[in-house]
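If you want the building blocks of each chain, they are given just below.
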Amino acid sequence: MQMQMPPLSSISRDSERVIQLQLDAYNSRDLDAWLSTYSEDAEQSMLHMGSLAKGHAAIRKRMEERFQDPNLHAKLLHRVVMETTVVDHELVTRTLPDRLAEVEMICIYEVKSGKIVNATFAVGQMRDKSAS
C-alpha cells in the first residue's frame, strides 16, 4: 500500500522553487543565474569526502569551465522535498576530453532564506553516453 504524502508546506514549496531555478539555470548554462541561487557563503561538498568549494568566488571558479560545455544537461529523475531540504536524483550529461558521458548523481540541497547554503553530491560511475 502506497502512502499518500501530505501537501507541501510553504517552506517546502519555497525550497523546491529555488532548486528548480538552479536546475533551469544549470541546463541553460547561465552561470550568473545559477550562482544567484546560492548564498554568498554557500558550500559544495562531496558526500563522505569533504568540501569542493566554499563561497561564490570558489564555486564560480569550480564551475566556469563546466558551464562552457554545450552538452551539459541535468535530467531530473526524482525529487524529494522536506521543508528546507531538497534531494534531487539526476542524470547528468557532459563532455569529457575523449567522449560524451553521463553520470547519475544524488544532490542534497539545504535552503535558507531563499538561497542554497549547502549542496552535497554523491556521484555514480561515469559511463559512455553512446552506450545508453
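Calculation criteria
- Counting restarts for each chain, with residues numbered from 1 along the sequence as it is written.
- For this predicted model, a pLDDT threshold of at least 70 governs which residues receive local features, and a threshold of 80 or more governs which side-chain atom pairs are given and counted, while totals over whole chains, interfaces and linings are taken from all residues.
- In computing side-chain properties, one takes all heavy atoms of the structure into account and sets aside hydrogens as well as water.
- If DSSP finds at least two bridges between two strands, the strands pair.
- By definition, any uninterrupted DSSP run of H or I lasting at least four residues is a helix, any uninterrupted run of E lasting at least two residues is a strand, and each is numbered from the N terminus.
- Scored from 0 to 100, pLDDT reflects the predictor's confidence in each residue.
- To estimate the expected span of a helix, count its residues, drop one, and scale the result by 1.5 Å.
- Throughout, exposure labels follow a simple rule: accessible area from a 1.4 Å probe, protein chains only, divided by the maximum for the residue type, with under 20% read as buried, over 50% as exposed, and the rest as partly exposed.
- Any two residues whose heavy atoms approach within 4.5 Å are treated as being in contact.

Caption draft 1: Just the pairing of strand S3 (residues 73-82), in detail. Note: S3 against strand S4 (residues 85-96), nine bridges, orientation antiparallel. Across the sheet, alanine 74 pairs through a bridge with valine 92, a residue of S4. Hairpin connection of S3 to S4: two residues between the antiparallel strands, including glutamate 83 at a positive phi of 55 degrees.

Caption draft 2: Expanded view of the confidence of the model for the protein. Predicted confidence across the protein gives a mean pLDDT of 93, with 93% of residues reaching 70 or more. Confidence, read as mean pLDDT per element, is least for strand S7 (residues 127-128) in the protein (88) and greatest for helix H2 (residues 31-35) (98).

Caption draft 3: Quick peek at helix H1 (residues 10-28). End to end, H1 covers 27 Å across 19 residues, agreeing with the expected 27 Å (1.5 Å per residue, within 8%). Buried within H1 we find Ser12, Ser15, Val18, Ile19, Gln22, Leu23, Ala25, Tyr26 and Asn27. Residues of H1 that are buried in the fold lie against H2, helix H3 (56-63), S3, S4, strand S5 (99-112) and strand S6 (115-123). Of the residues one or two after H1, arginine 29 is the one with positive phi, at around 55 degrees.

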